[in-house]
Amino acid sequence: MDHILHLKCLICGKEYAPDSIEYICPDHHNDGILDVCYDFDLIKTRISREILAASKDYSIWRYKPLLPVAPDAEVPPLAIGWTPLYKAPRLAENLQLKHLWVKDDGRLPTGSFKDRASAVAVVKAQEKGAKIITTASTGNAAAALSGICASVGQPNVIFVPESAPPAKIAQLLVYNSTVMLIKGTYDDAFELCLEAAAEYGWYNRNTGYNPYMTEGKKTAAYEICEQLNWHAPDAIFVSVGDGCIIGGLHKGLKDLLELGWIDHIPRLIGVQAQGSNYMFEAWKNNEDILTKAPVSGLTVADSISAGLPRDRIKALAAVSETNGAYICISDDEILTAIPTLARGIGVFAEPAGAAAYAGLVKAVADGLVQADERIVVLNTGNGLKDIKNTMTSVEMAGSRPHHIEPNLDTLKRTIQEIRIL
Ligand SMILES: *Cc1c(COP(=O)(O)O)cnc(C)c1O
Ligand SMILES: [Zn+2]
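Residues numbered from 1 in each chain as written. Chains lettered and ligands numbered in written order. Predicted model: local features only at pLDDT ≥ 70, side-chain atom pairs only at ≥ 80, totals over all residues. Heavy atoms only, no water.

Position of Thr207 among the secondary structure elements: in the loop between strand 9 (203–204) and helix 8 (213–217). The exposure class assigned to Thr207 is buried, which follows from its relative accessible area of 5%. C-alpha separation for the pair Thr207 and Ile33, spaced 174 residues apart in sequence, amounts to 10.0 Å. Among residues more than four places away in sequence, those in contact with Thr207 are Tyr186, Phe190, Lys217, Asp242, Cys244 and Arg310. Among the polar contacts listed, one links the side chain of Thr207 to the side chain of Arg205, at a separation of 3.2 Å. (Helix = DSSP H or I, 4+ residues; strand = E, 2+ residues; numbered from the N terminus. Buried < 20%, exposed > 50% of the residue type's maximum accessible area, 1.4 Å probe, protein only. Contact = heavy atoms within 4.5 Å. Polar contact = N/O pair within 3.5 Å; in protein donor to acceptor, adjacent residues only side chain to side chain.)

Encoded structure:
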């Protein structure tokens, strides 16, 4: 892997050779997150926009020379990446915008954006010959690791809060992971998973700990820009829990600028739920994210519930260095956005996915975006992952099914009553 120069600590700036360190800079307890630094002169000899235009690999691996894996590394067979970027004219019109796209990562094999990172984790673990991979998760990172491990027969142990939506737990079980349901929060699951990994020597996929997860996640930024013919958008809206996705998008955009493939970096707009708004508060009040105390993390959007965002250093830089913003929305605004997004463009998102759209609605109301800007909203998770909150959201929208007897008379009466014709 001659294209990786070193791993650099985001707190003290110390640089480590990739083989000399596993996960974090040891000088700052669990906070010493590392950034993977590449030799772009070398990379430029291996990949170009022209090579990509001719590539038939419609997955994250089309960007392999930009990823922390060996050129000949075997990759999992599941189709990960190159999710559609839909133009959404009706949603745009409702918001009085001219150019709006929705990128649907709910279409990835296990139904969330996390597949991008877990795919890289599985390749890295197999590179090391790891017997077991582990992660803590609010649900989706676990499901992603579980599914991708299943695709290559890799044993794994998963730590999720007992309160995770049943669909996500079902995914873990169907893929045959060893599942620890933690009687506690995601933050509790995270701490225990770190201890377990250290105790048993398991390969550790944890977000905001394993430096390579950002690398998988940055592929979404590559795709957005490539799908827009390298004409980068003006702003990207994404929901934020631990902050790894927004940090990954930022990394991907910086890579593209460095390569000279785009001419500007879009503003990154991080969307958080009111009960889990650590990054919003820290950004707005200029607080020190190394000492700021955790928040409750309570929200209907389980995937962005994070009392102490693990990737907060990258998440803060993503917004401040791109002249972006954090936006904070209520659970009701999130639930309202689920049917709006589904009806406006046919993308059915779980609460955390719809939160990004709810953030755009708020940004428009607050005058944070201009009518002619080119905006991308990232849906990070599939709506089928959380039917309970979906049902609440459609009740709030006033939608209900009609229970009828199986005959034409009743149907006619019902149709008259509801006046759809
Ligand atoms: C994990 C996740 C997020 C948030 O990503 P972070 O890296 O934790 O900020 C948003 N939406 C969904 C559906 C997720 O699974
Ligand atoms: Zn350090």
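Tallied over the full model, the rule gives two cavities of 30 Å³ or more. Of the volumes computed, that of the largest cavity is approximately 250 Å³. For the largest cavity, the lining is made up of 25 residues, of which Lys114, Gly241, Asp242, Ile245 and Ser303 are closest to its centre. Contributions of two or more residues to the lining of the largest cavity are made by helix 5 (140–152) and helix 10 (244–259). Per-class residue counts for the lining of the largest cavity are ten nonpolar, eleven polar and four charged. Here the second largest cavity is characterised by a volume of approximately 70 Å³. The residue inventory of the lining of the second largest cavity, partitioned by class, reads four nonpolar, two polar and three charged. (1 Å grid on protein atoms, 1.4 Å probe; cavity = no way out; pocket = protein on both sides within 12 Å on 5 of 7 lines; lining within 4 Å. Points joined across faces, edges and corners; volume = space filled by probe spheres on them. Nonpolar A, V, L, I, M, F, W, Y, C, P; charged D, E, K, R; others polar.)

The subject of this paragraph is helix 10. Along an α-helix, residues three or four apart share an orientation, since each turn contains 3.6 residues. Across its 16 residues, helix 10 extends 22 Å between first and last C-alpha, which sits within 8% of the 22 Å expected from 1.5 Å per residue. Burial runs high along helix 10: 13 of the 16 residues are buried. A positive phi of about 75° marks Gly260, the residue just after helix 10. (Expected span 1.5 Å × (residues − 1).)

At 2.0 to 2.3 Å from the zinc ion (ligand 2) lie its protein donor atoms, namely Cys9 (SG), Cys12 (SG), Cys25 (SG) and His28 (NE2). Classification of the site at the zinc ion (ligand 2) rests on its four donor atoms, whose angles at the metal span 102 to 117°, yielding the label tetrahedral. We note that the donor set of the zinc ion (ligand 2) lies within a single chain, spaced as C-x2-C-x12-C-x2-H. (Donors = N, O, S within 2.8 Å, 3.2 Å for Na, K, Ca; no water. Tetrahedral: all angles 85-135°; square planar, octahedral: opposite > 155°, others 65-115°.)

Glancing now at a nonpolar patch on the surface. Taken together, the side chains of Leu384, Ile387 and Met391 define a hydrophobic patch exposed on the protein surface, amounting to about 290 Å² of accessible area. With respect to the helices and strands, the residue Ile387 is situated in helix 15 (residues 387–396). By relative accessible area, Ile387 is classed as partly exposed at 41%. (Patch = residues over 30% accessible without salt bridge, like charges linked within 9 Å, V, L, I, M, F, W, Y side chains within 5 Å. Areas by Shrake-Rupley, 256 points an atom, 1.4 Å probe, with all protein chains shown as cover. Salt bridge = Lys/Arg side-chain N within 4 Å of Asp/Glu carboxyl O.)

Take it as geometry only, folks, not as evidence of what the structure does.
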